[in-house]
Amino acid sequence: MLLAFSVAPSGQPAAGAVSVDGSVHDAVAEAVKIVRDSGLPNQTDSMFTTIEGEWDEVFDVVKRATEAVGKYGNRVSLVIKADIRPGYTGELTGKVERLERAIDEAGE
């Protein structure tokens, strides 16, 4: 399974979690650290963090990341998109590699 998610706090920040510029980068950094510490294959871009693994392990990481972000506000926004393809691994990079090959072949 590949799962892309974005999590951010909203509402009033918890005590000690005030952001002067309104940015959520501290909260997002805490969530991404949880993902990276999980040991699951992952990558983060400007909009989403994508992780690869089995259903239960991936959703456990998302739950822990969401809970960590929760202390930065009294609400949490969570967006999830999943590609559930049993029996496949290495798709975090494999899908992109196949796409790049197709682009190269189309340009020939």
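See the structure printed just above.
Computed from a predicted model, the values in this text were never measured in an experiment.

Engineer: Mind showing me how you'd approach the packing of helix α1 (residues 25–37) against helix α2 (residues 55–69) here?
Structural biologist: Angle between the axes and distance between the axes are the two parameters that describe a pair of packed helices. It is the contact of α1 with α2, at a shortest axis distance of 8 Å, that shows an interaxial angle of 155 degrees. With respect to α2, the element α1 is oriented roughly antiparallel. With respect to the hand of their crossing, α1 and α2 are arranged in right-handed fashion. Facing A27, E30, A31, I34 and V35 of α1, the residues of α2 in contact are V61, R64, A65, A68 and V69.

Engineer: Would you explain the sheet that holds strand β2 (residues 42–44) in this entry?
Structural biologist: Two orientations exist for strands paired in a sheet by backbone hydrogen bonds: parallel and antiparallel. The four strands are arranged β2-β3-β1-β4 in an open sheet whose pairing can be described as antiparallel. Pairing within the sheet leaves two strands with one partner each, and these edge strands are β2 and β4 (75–83). Shown here is a sheet whose adjacent strand axes are inclined to one another by a mean of 20 degrees, direction ignored. Sheet strands in contact with α2 are β1 (2–10), β3 (49–52) and β4, and its direction is about 10 degrees off that of β1.

Rules and cut-offs
- Within any chain, residue numbers begin from 1 and follow the written order of that chain's sequence.
- It should be noted that, the model being predicted, local features are given only for residues of pLDDT at least 70 and side-chain atom pairs only at 80 or more, the latter also being counted only at that level, while totals for whole chains, interfaces and linings use all residues.
- Note that water and hydrogens are dropped before the side-chain values are worked out from all heavy atoms of the structure.
- Angles shown run from 0 to 180 degrees and are taken between the N-to-C directions of axes, each axis being a line fitted to C-alpha atoms and, for helices, limited to the stretch in contact.
- Helix and strand labels come from DSSP, where a helix needs a run of H or I of at least four residues and a strand needs a run of E of at least two; each type is numbered from the N terminus.
- Here the word oblique covers every angle except those under 35 degrees (roughly parallel), over 145 (roughly antiparallel) and from 65 to 115 (roughly perpendicular).
- Should the near helix be turned counterclockwise from the far one by less than a right angle, the crossing is left-handed, whereas a clockwise turn marks it as right-handed.
- A contact between two residues is defined here by any heavy atoms of the two lying within 4.5 Å.
- Whether two strands pair comes down to DSSP finding at least two bridges between them.

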